[in-house]
Amino acid sequence: MQNTILIDSYYIPLAKLDAKRTVIMLLTGRAVPAEHTNGKFVGHMKLNKNRRFTFPPHLQELVNGDHFMVPFCIRLLHPVDKKFLKARTAPSRNGILKRDRYTCQYCGSKNQLTLDHVVPKSRGGQDTWDNLVTCCNPCNNKKANRTPEEAGMPIISLKDYSMSESYSDFWKDF
Ligand SMILES: [Zn+2]
């Protein structure tokens, strides 16, 4: 499958993404299918009929029967520092705080901020952009050595799509 083109909120091309990364950008609400390429797709992925995952309304049009249509081009919703897009760039404390707008990703607090490993380090979680989120000290202590699912503490930027439970399920499709 061809790569999807990622453009920024000013329509400037930033990167080429494989299908999996494209779907992550769409599902986490960081990007939307680009308007001017509506109807153009790089390919499709077969979805598991038994999935519990529900697509948010604005992505429903990409679901065609039991296939997910991967758009030719997606657009970031917010201006973003290009360094966040480079997977090879090591995450920095300041970078993570800035990306999360200095807000605890579990309760929304802006005080006593630290970083949390979504999947705890002791359980194989890595120091990556995807696995680090901004977290306040009280939430960090409460979550302890658990995943968000185990702790019943969904990540707020993902909450809108009620992904916390079904997110891992979704990937069984691919
Ligand atoms: Zn918190």
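Note: the structure precedes this text.
Here goes a summary of the coordinates provided. (Residues numbered from 1 in each chain as written. Predicted model: local features only at pLDDT ≥ 70, side-chain atom pairs only at ≥ 80, totals over all residues.)

Before going further, it helps to spend a moment on helix 1 (residues 19-27). Inspection of helix 1 places Thr22, Val23, Met25 and Leu26 among the buried residues, and these make up the whole buried set. Viewed along the axis of helix 1, the buried residues span an arc of 160 degrees, placing them on a single side of the element. Where helix 1 is buried, its residues meet strand 1 (4-7), strand 2 (13-17), strand 3 (31-33), strand 6 (67-71) and strand 7 (73-76). (Buried ≥ 20, exposed ≤ 12 C-beta atoms within 10 Å, placed from the backbone. Helix = DSSP H or I, 4+ residues; strand = E, 2+ residues; numbered from the N terminus. Arc of directions from axis to C-beta. Contact = placed C-beta atoms within 7 Å.)

Reading across from one edge, 2-1-7-3 is the order of the 4 strands in this open sheet, with mixed pairing throughout. Looking at the sheet topology across the chains shown, the edges are occupied by strand 2 and strand 3. The average undirected angle you get between the axes of adjacent strands in this sheet is 30 degrees. (Pairing = 2+ DSSP bridges. Axes fitted to C-alpha atoms, helices over the stretch in contact; angles between N-to-C directions.)

This part takes up the nonpolar core. Residues Leu6, Met25, Leu26, Ala31 and Ile74 are the most contacted members of the largest nonpolar core, which totals 13 residues. Excluding residues within four positions of it along the chain, leucine 26 makes contact with Ala31, Leu59 and Ile74. (Core = buried A, V, L, I, M, F, W, Y, C linked by C-beta atoms within 7 Å.)

Take the pairing of strand 7 next. By the alternation rule, side chains of strand 7 split into Cys73 and Arg75 and Ile74 and Leu76, which are all buried. Pairing geometry for strand 3 and strand 7, over 3 bridges, is antiparallel. Bridge pairing links valine 32 to arginine 75 in strand 7.

Glancing now at the environment of leucine 27. Along the chain, leucine 27 turns up in helix 1. Given 18 C-beta atoms within 10 Å, leucine 27 falls into the partly exposed group. Between the C-alpha atoms of leucine 27 and leucine 59, which are 32 residues apart in sequence, the distance is 8.4 Å.

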